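# Observations on the model geometry
So you can see what is in the structure, the chains are spelled out below.
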Amino acid sequence: MAQADYIPAGRTSRIVKGSSELQIQTEYAYRPTPRLTTSVISAGRVIHKIQQDLTDPITTFEEKTRVESMLRKQHVEVMKIIQNEDFSGDMTFKEPATSREKSSSIADELSRLKGVEKVFRMDNEGNFLEPQVSEAFNKRFSAVLKNLNEVLSIFSGLPGGKREPGLVEIEPRRLYFISSGYECYFLLSHRSITDDEIQPILFSAFQ
């Protein structure tokens, strides 16, 4: 079949910010390289663009379904960020006063969330990335580690060794499993953690 037969449907939304209207458009393209691109448009002008590169073009309907899911998630994440962002008068993005340092890791940002006790980093294969951490974690959550492969499978693998980003609660108001796409994390918290809190952090991994 032709490559055009595997192109996922794009998404378009509109957000009103004050007296201005923004159009958010997310599309898949396979030339010159496969990618998902979200454009933020004001008065017909692209004022911001977010791109997620894909390893290979879509060649099967199964891959098309998976990429469609990625496209929807990226579109929703961008909308959430725009709704919470500060904008200047000409509708260009303004650097927030409390912007995160570029060198700060996703794990550092997660650890700064209110109520978070500890963040355990892992690669996408489930290997802990800090010495002795797995031993410390095992003492408290041995049952979770015994089923680690099942936990990892919650977020499907993507091209390029990545996983779907997201958050899942393992133990109510206590233990959470998070995927940024490039790494995975177990997060210990003294309170409930919500998608709205982590989505801006996870989205920054794809910028």
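Computed from a predicted structure; not experimentally measured.

### Considering the overall build of the chain
When its secondary structure is counted, the chain shows six helices and 10 strands. Burial status across the chain gives 42% buried among its 207 residues. Contacts in the chain between residues at least 24 apart in sequence constitute 52% of all its contacts with a sequence separation of at least 6. In the structure as shown, the chain presents an accessible area of about 11,400 Å², 46% of it carried by carbon and sulfur atoms.

### Here we look at the sheet that holds strand β9 (residues 175-179)
One open sheet accounts for four strands, arranged β5-β10-β9-β8; its pairing is antiparallel. If you trace the sheet from one side to the other, it starts and ends with β5 (116-122) and β8 (166-171), each paired once. Mean inter-strand twist for the sheet, computed between neighbouring axes without regard to direction, equals 20°. Pairing of β5 with strand β10 (residues 184-189) involves six bridges; the strand directions are antiparallel. Residue pairing across strands places V119 opposite L187, the latter belonging to β10.

### Digging into the confidence of the model for the chain
Taken over all residues, the pLDDT of the chain has a mean of 80, while the share at 70 or more is 84%. In the predicted structure, residues 88-104 sits below a pLDDT of 50 and forms 22 contacts with residues beyond four places in sequence or in another chain.

### As for the sheet that holds strand β2 (residues 20-29)
What links the strands of a sheet is backbone hydrogen bonding, and the strands pair in either a parallel or an antiparallel sense. With respect to topology, four strands assemble into an open sheet ordered β1-β2-β3-β4, the strand pairing being antiparallel. Two strands in the sheet have a free side with no partner beyond their single neighbour: β1 (11-17) and β4 (45-53). Taken pair by pair, the neighbouring strands of this sheet meet at an average axis angle of 15°, ignoring direction. Here strand β3 (residues 35-42) runs beside β4; their pairing, made up of eight bridges, is antiparallel. Within β4, the position partnered with T37 by the bridge is Q51.

### Some points on the pattern of salt bridges
In this structure the tally under the stated criterion is seven salt bridges. Taking the shortest distance from any N to any O, the salt bridge between E164 and K73 comes out at 3.8 Å. In this pair, E164 sits in the loop between β7 (162-163) and β8 while K73 sits in helix α1 (residues 61-84), placing the two residues 91 residues apart along the sequence. A relative accessible area of 12% places E164 in the buried class.

### Some remarks on unusual backbone geometry
Most peptide bonds adopt trans geometry, and most residues besides glycine take a negative phi value. With a phi close to 50°, A43 is a non-glycine residue in the positive phi region. With respect to the element layout, A43 can be found in the loop between β3 and β4. Not every positive phi belongs to a glycine, and R173 is a case in point at roughly 55°. Tracing the backbone shows R173 in the loop between β8 and β9.

The rules behind these values
Residues numbered from 1 in each chain as written. Predicted model: local features only at pLDDT ≥ 70, side-chain atom pairs only at ≥ 80, totals over all residues. Heavy atoms only, no water. Helix = DSSP H or I, 4+ residues; strand = E, 2+ residues; numbered from the N terminus. Buried < 20%, exposed > 50% of the residue type's maximum accessible area, 1.4 Å probe, protein only. Contact = heavy atoms within 4.5 Å. Areas by Shrake-Rupley, 256 points an atom, 1.4 Å probe, with all protein chains shown as cover. Pairing = 2+ DSSP bridges. Axes fitted to C-alpha atoms, helices over the stretch in contact; angles between N-to-C directions. pLDDT = per-residue confidence, 0-100. Salt bridge = Lys/Arg side-chain N within 4 Å of Asp/Glu carboxyl O.

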